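Summary of structural features
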Amino acid sequence: MAVSGLPPYDEANIFARILRGEIPCKKVHEDAWALAFHDINPQAPVHVLVIPKGKYCSFADFSAAASEAEIAGFVRAVGTVAKQLGLEAPGYRLLANMGPESGQEVPHFHVHLFGGRPLGRMLPKPA
Ligand code: 5GP
């Protein structure tokens, strides 16, 4: 479901196709609410994407339209994945892009989970 003013969910987006099993992924975790898999173009030694199973385009859509059970299940899955990857002690970063200025490429809500090295500044310095 899309929130008003945002485009409708695109059933052909790459993560929808991964969820349907049409495209393979390197799976890290799956439960009733979420699927986690390695990013195809990793930006850190650990770069995992966690996506909800529901059809939500972005954080705006997910936060407004998902049920409390979906939100709780998804957030718990992110924590489970980070723990499973051994990232709790060294630490990690979560990132979610939303909309054009963020550079969001795939219109299915996802959280990036980065770790495995010191991650430096949150955002690059402006040029
Ligand atoms: P966004 O820019 O939308 O926040 O992030 C999309 C991410 O999806 C990028 O980091 C990109 O490397 C990753 N990605 C795009 N296509 C695929 C794919 O087919 N498989 C996997 N595992 N990751 C993908």
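Residues numbered from 1 in each chain as written. Predicted model: local features only at pLDDT ≥ 70, side-chain atom pairs only at ≥ 80, totals over all residues. Heavy atoms only, no water.

**Details of the nonpolar core**
Proteins that are soluble and globular tend to have nonpolar side chains buried together. Of all hydrophobic cores here, the largest spans 18 residues; its most connected members are Val 48, Val 50 and Phe 74. Every element with two or more residues in this core is listed here: β2 (34-38), β3 (46-52), α3 (68-84) and β5 (111-115). Among the elements that make up this core, the one with the highest residue count is α3 (five residues). When neighbours within four sequence positions are excluded, Val 50 is seen to be in contact with Ala 34, Leu 35, Ala 36, Phe 74, Val 78, Phe 109, His 110 and Val 111. Counting residues in each nonpolar core, the second largest holds seven residues, with Phe 15, Ile 18, Phe 37 and Ile 51 among its members. (Core = buried A, V, L, I, M, F, W, Y, C linked by side-chain atoms within 4.5 Å. Buried < 20%, exposed > 50% of the residue type's maximum accessible area, 1.4 Å probe, protein only. Helix = DSSP H or I, 4+ residues; strand = E, 2+ residues; numbered from the N terminus. Contact = heavy atoms within 4.5 Å.)

**Quick look at the sheet that holds β3**
Read from one edge of the open sheet, five strands run β1-β2-β3-β5-β4, paired in antiparallel fashion. Unpaired on one side and paired on the other, β1 (27-30) and β4 (93-95) mark the two borders of the sheet. For this sheet, the mean angle separating the axes of adjacent strands, direction not counted, is 20 degrees. Bridge analysis of β1 against β2 gives three bridges, and the strand direction is antiparallel. Counterpart to Glu 30 in the pairing with β2 is Leu 35. Each of β1, β2, β3, β4 and β5 touches α3; the most contacted strand, β1, lies at about 140 degrees to it. (Pairing = 2+ DSSP bridges. Axes fitted to C-alpha atoms, helices over the stretch in contact; angles between N-to-C directions.)

**Considering the layout of surface pockets**
Size it by volume and the largest pocket reaches roughly 880 Å³. Around the largest pocket sit 33 residues that line it, and Asp 39, Gln 43, His 47, Leu 49 and His 112 are the ones nearest its centre. Contributing elements (two or more residues each) for the lining of the largest pocket: α1 (14-19), β2, β3, β4 and β5. For the lining of the largest pocket, the per-class residue count stands at 18 nonpolar, ten polar and five charged. Taken as a whole, the second largest pocket spans an internal volume of roughly 200 Å³. The residue inventory of the lining of the second largest pocket, partitioned by class, reads eight nonpolar, three polar and two charged. (1 Å grid on protein atoms, 1.4 Å probe; cavity = no way out; pocket = protein on both sides within 12 Å on 5 of 7 lines; lining within 4 Å. Points joined across faces, edges and corners; volume = space filled by probe spheres on them. Nonpolar A, V, L, I, M, F, W, Y, C, P; charged D, E, K, R; others polar.)

**Observations regarding the packing of aromatic side chains**
Tallying each qualifying case throughout the model produces six aromatic pairs. Among the aromatic residues, ring-to-ring pairing joins Tyr 56, Phe 59, Phe 62, Phe 74 and Phe 109 into one connected group. (Phe/Tyr/Trp six-rings, centres within 6.5 Å; stacked < 30°, edge-to-face > 60°.)

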